[in-house]
Amino acid sequence: MNTSVAVADPRLVPLDPKRKDIKNRYLESLTLIERLHRRLLDVIKDDFERSGEKEVNPVQALLLFNISDAELTAGELKSRGHYQGSNVSYNLKKLVEQGYVNHERSSSDKRSVRVKLTDKGNMIRSRVDALYNRQLQAIEEVVGLSTDEFDRLNKALGRLERFWTDQILYRL
């Protein structure tokens, strides 16, 4: 006979019926954010396949784009590009092996490795930048997104990111 008593988890708060509309919009936004990132990777993959580039996958191309002209550690890339730690390490290792990135141990901290693009890596970064530039020529006309709309979108997404960060940092 089971004599345990079920105790409700205090974090499980029933939804106020007035909040149903915002919950639906919130869930839709989460789905769109995920889908947009996957679609961006698809767009980069398609562009690279059309030109015959087969050595670099879309995640690696974005990584090269995000390194840009900087000299960074894997940790800085993780925090700047919001990559998973193992994802950054694996892809950086592959990019070093293929000659897209140079890496050098820090003279002050031998555990830390700084990475920088090679000329070959810069070519990929430039290709992604050119892709973005081509898209920007049509975004306002075809999609109808203006600078003001991007400003509002970026502000809202930044606030959402801050909210999630606070959830983790302050265990809200």
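Structure shown above.
Note that this is a predicted model, so its numbers are computed, not measured.

Calculation rules
- By convention here, each chain's residues receive numbers from 1 onward along its written sequence.
- Reporting in this predicted model follows two pLDDT cut-offs: at least 70 for local features of residues, and 80 or more for side-chain atom pairs to be given and counted; totals over whole chains, interfaces and linings ignore these cut-offs and use all residues.
- Calculated side-chain values reflect all of the structure's heavy atoms, with hydrogen atoms and water omitted.
- In this description a helix means any DSSP run of H or I spanning at least four residues, a strand means any run of E spanning at least two, and both kinds are numbered starting from the N terminus.
- For a compact globule the rule gives 2.2 Å times the number of residues to the power 0.38, and the radius of gyration it is set against comes from C-alpha atoms.
- Note on exposure labels: buried denotes an accessible area under 20% of the residue type's maximum, exposed denotes more than 50%, and partly exposed covers the range between, all computed with a 1.4 Å probe on protein chains only.
- Residues are treated as being in contact if the distance between any of their heavy atoms lies within 4.5 Å.
- Every accessible area reported is derived by Shrake-Rupley at a probe size of 1.4 Å, with residue values counting cover from the shown protein chains alone.
- DSSP calls a pair of strands paired once it identifies at least 2 bridges connecting them.
- An axis is simply a line fitted to the C-alpha atoms; with a helix, the fit covers only the stretch in contact. Between two such axes, the angle follows the N-to-C directions and lies from 0 to 180 degrees.
- Angular relationships are summarised with four words: roughly parallel below 35 degrees, roughly antiparallel beyond 145, roughly perpendicular across 65 to 115, and oblique for the angles in between.
- Ten residue types, Ala, Val, Leu, Ile, Met, Phe, Trp, Tyr, Cys and Pro, are classed as nonpolar, four, Asp, Glu, Lys and Arg, as charged, and the remainder, Gly among them, as polar.

Some details on the overall build of the protein chain
Next up, step 1: For the protein chain, the helix and strand inventory stands at six helices and three strands.
Next up, step 2: In sequence order, the protein chain lays out its α and β elements as α-α-β-α-α-β-β-α-α.
Next up, step 3: Computed over the C-alpha atoms, the radius of gyration of the protein chain is 21 Å, more than 25% above the 16 Å expected from 2.2 N^0.38 for a compact globule of 172 residues.
Next up, step 4: Taken along the three principal axes of its C-alpha coordinates, the protein chain extends 65 × 50 × 35 Å.
Next up, step 5: A total of 172 residues make up the protein chain; the buried ones form 20% of that total.
Next up, step 6: Here the contacts in the protein chain between residues at least 6 apart in sequence split such that 54% fall between residues at least 24 apart.
Next up, step 7: Surface accessibility of the protein chain: about 13400 Å² in total, with carbon and sulfur atoms responsible for 53%.

Let's talk about the sheet that holds strand β1 (residues 72–73)
Next up, step 1: Pairing within the open sheet is antiparallel, and its three strands lie in the order β1-β3-β2. Edge positions in the sheet fall to β1 and β2 (101–105), since each has one partner strand and no second.
Next up, step 2: Of the strand pairs in this sheet, β2 and strand β3 (residues 113–117) are connected by five bridges, and their pairing is antiparallel. Looking at the pairing, E104 lines up with R114 of β3.
Next up, step 3: Together, β1, β2 and β3 form the strand contacts of helix α2 (residues 58–67), whose direction differs from that of β3 by roughly 95 degrees.

A short note on the environment of R11
Next up, step 1: One can find R11 in the segment before α1 (20–51).
Next up, step 2: In sequence terms R11 and L172 are 161 residues apart; their C-alpha atoms lie 9.7 Å from each other.

Description of the environment of L92
Next up, step 1: Of note, L92 is situated in helix α4 (residues 85–97).
Next up, step 2: With residues near it in sequence (within four places) discarded, L92 still touches L63, I67, A74, L77 and V115.

Thoughts on the packing of α1 against helix α6 (residues 147–169)
Next up, step 1: Here α1 crosses α6 at 100 degrees, and the two axes come no closer than 13 Å. Comparing their axes, α6 and α1 come out roughly perpendicular. When α1 is examined against α6, the residues Y26, L30 and I33 are found in contact with a partner set consisting of L157, L160 and W164.
Next up, step 2: For the contact of α1 with α6, the residue count by class is six nonpolar, no polar and no charged.

Nothing here speaks to function; it is geometry throughout.
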